[in-house]
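# Structural characterization, general
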Amino acid sequence: MNLMDKVRAQLDELASHSLTRHRRTAESPCAPRQVVDGRDMLAFCSNDYLGLAAHPRVVEALREGASLYGAGSGASHLVSGHSRAHALLEERLAAFEAPHLESARALYFCTGYMANLAVLTGLGSTLDAMIFSEALNHASLIDGARLARAGVTVYPHGDVAALEEKLAASAAPTKIVVTDSVFSMDGDLAPLPALLALCERYGAWLVVDDAHGFGVLGDNGRGALEHFDLRSPHLVYIGTLGKAAGVGGAFIAAHEDVIELMIQRARPYIYTTAAAPALAHALLASVDIIEGDEGEKRRAGLRARIAQLDAGLRLERWQRPVSTTAIQPIIIGANDEAMAAAARLHEQGLWVPAIRPPTVAVGTARLRVTLSAAHTEQDVAQLITALNQLERTWA
Ligand SMILES: *Cc1c(COP(=O)(O)O)cnc(C)c1O
């Protein structure tokens, strides 16, 4: 086989398992009502949980940021790309998460993917480290653990007892427990209080990826640590800023010494061009909204939509795992059936993504409904009617 035939064979293999992925092209801002490939759609796919991605104040701040700081940063943070906007955002985020950490400092990253690589390679790149990784962790944490020069062991989903056994059996001087706070494909919460108690007992770091909690959970949208009322010098918090915050990038908040180590050692921080300062400037407006009354109102609206969906769905064949968050999966099972269900919804103008392996386990292909404060009651009512009917008539 020549090289091109091998590429073709891999693509054919994906297609034969209904695993080929396609991108749709949005022609209007991220919102429930979107023009997609030339068609008006009602979307239940984005992680824009508070509807800030197209919020006029955030968009205006982005424009203002561009006039203040230009289009690009020009270099990595350690060379010359670190701007006043980045610094202000980091101070703001550190103060925001300070109630849950000791000597809190924050570090802004281009993406959550890179922040996760940085945390695990920064903390875990000593040969004596062991990373204890939750089974349903996001791909970026899995990749970070692979890239770290540490041992890695995976504990079963939500299984505190199994984690304790592994911690007790480990002689590693540096132990790092890492978990999503809200699981991105299931919407359930990690048992963070029990995990933190274990970490304190066994002298381990607890790294919490709050991609789907920041802005949404807890008072003022502070996220999962606030939701569970946790505080420890051994917490390392990652919040992403492209989801509820509506813009892009991510931050790590932790003890100032941990952050200083990231700046000195974490290659995904050091060897990349700093994000456009205008993004950081726009994020200051997002954080204002998240923290204030409007944020509270939007979170209440989101909770009402979640309760409405929960009360309205009458599914008998398809499984709905328990989720109290904006992520509401409907597990169908086979890849081709999940794809067909998404296609049937699409015909009705409803955009709900089908999620297949390797993003989820084989045999658990699903529709991943995500709700937003920007959805109206009528939007969710339309989805409920369509899903109930689709399942009833499913052959
Ligand atoms: C989206 C996501 C990330 C990656 O964040 P980006 O800013 O999109 O790169 C990391 N962890 C989890 C759990 C996520 O859902």
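Residues numbered from 1 in each chain as written. Predicted model: local features only at pLDDT ≥ 70, side-chain atom pairs only at ≥ 80, totals over all residues. Heavy atoms only, no water.

If you check an unreviewed UniProt entry, the protein appears there as 8-amino-7-oxononanoate synthase from Massilia cellulosiltytica. Per UniProt, the protein carries the Subunit (unreviewed entry) text "Homodimer." (UniProt positions renumbered as here; feature names shortened; annotations may be inferred.)

### Thoughts on the pattern of salt bridges
One pass over the full model with this rule turns up 13 salt bridges. With a shortest N-O distance of 2.9 Å, E164 and R201 are connected by a salt bridge. Highlighted residues: E164 in helix α7 (residues 160-169) and R201 in helix α8 (residues 192-202), separated in sequence by 37 residues. With relative accessibility at 53%, the residue R201 sits in the exposed group. The partner of R299 in a salt bridge is E296, with the nearest N and O atoms 2.9 Å apart. Separated by 3 residues within a single helix, R299 and E296 lie in helix α13 (residues 293-312), roughly one turn from each other. Residue classification places R299 among the buried positions, given a relative accessible area of 2%. Among the residues examined, E296 registers a relative accessible area of 33% and is labelled partly exposed. Each of the salt bridges in this network shares a partner with another, and the network as a whole consists of R92, R222, D288 and E291. (Salt bridge = Lys/Arg side-chain N within 4 Å of Asp/Glu carboxyl O. Helix = DSSP H or I, 4+ residues; strand = E, 2+ residues; numbered from the N terminus. Buried < 20%, exposed > 50% of the residue type's maximum accessible area, 1.4 Å probe, protein only.)

### Some thoughts on the UniProt feature "binding site: substrate" (unreviewed entry) in the protein
Here the UniProt-annotated "binding site: substrate" (unreviewed entry) positions come out as R21, H138 and T359. By the element assignment, H138 lies in the loop between β4 (129-134) and α6 (139-147). H138 has contacts with D180, S184 and D209, leaving out every residue within four places of it along the chain. Here the side chain of H138 touches S140 through a polar contact of 2.7 Å, side chain to side chain. (Contact = heavy atoms within 4.5 Å. Polar contact = N/O pair within 3.5 Å; in protein donor to acceptor, adjacent residues only side chain to side chain.)

### Describing helix α5 (residues 112-124)
In a regular helix each residue adds 1.5 Å, so 13 residues correspond to 18 Å; α5 covers 18 Å between its end C-alpha atoms and thus fits that length. Among the 13 residues in α5, 12 count as buried, and that is most of the element. Listed in full, the buried residues belonging to α5 are G112, M114, A115, N116, L117, A118, V119, L120, T121, G122, L123 and G124. With a side-chain oxygen positioned 3.3 Å from the backbone nitrogen of Y113, the residue opening α5 is T111. (Expected span 1.5 Å × (residues − 1).)

### As for the site of the ligand
Every one of the 14 residues lining the ligand counts as a neighbour, but G112, Y113, D209, H212 and K243 are closest to it. In this structure, G112 approaches the ligand through a main-chain N or O atom, which is 2.7 Å from an oxygen atom. A distance of 2.9 Å separates an oxygen atom of the ligand from a polar atom in the backbone of Y113. Counting residues per element, the shell around the ligand draws most heavily on α5, at 3 residues. In the shell around the ligand, the residues fall into 2 nonpolar, 9 polar and 3 charged. (Near = heavy atom within 4 Å. Nonpolar A, V, L, I, M, F, W, Y, C, P; charged D, E, K, R; others polar.)

### Quick word on the packing of aromatic side chains
Applying the stated criterion to the full structure yields 5 aromatic pairs. Between F109 and Y269, the ring centres sit 5.2 Å apart and the planes meet at 65 degrees, which makes this aromatic pair edge-to-face. Of this pair, F109 sits in strand β3 (residues 104-109) while Y269 sits in helix α11 (residues 267-270); the two residues are 160 residues apart in sequence, bridging distant segments of the chain. One exposure class covers both F109 and Y269, and it is buried. Summarising the aromatic geometry, the rings of W318 and W394 are spaced 5.4 Å apart at their centres and angled 70 degrees between planes, so their arrangement reads as edge-to-face. One end of the pair, W318, is in the loop between α13 and β10 (327-333); the other, W394, is in the segment after α15 (377-392), with 76 residues separating them in the sequence. Put simply, the rings of F96, F214, Y237 and F251 pair up and form one aromatic cluster. (Phe/Tyr/Trp six-rings, centres within 6.5 Å; stacked < 30°, edge-to-face > 60°.)

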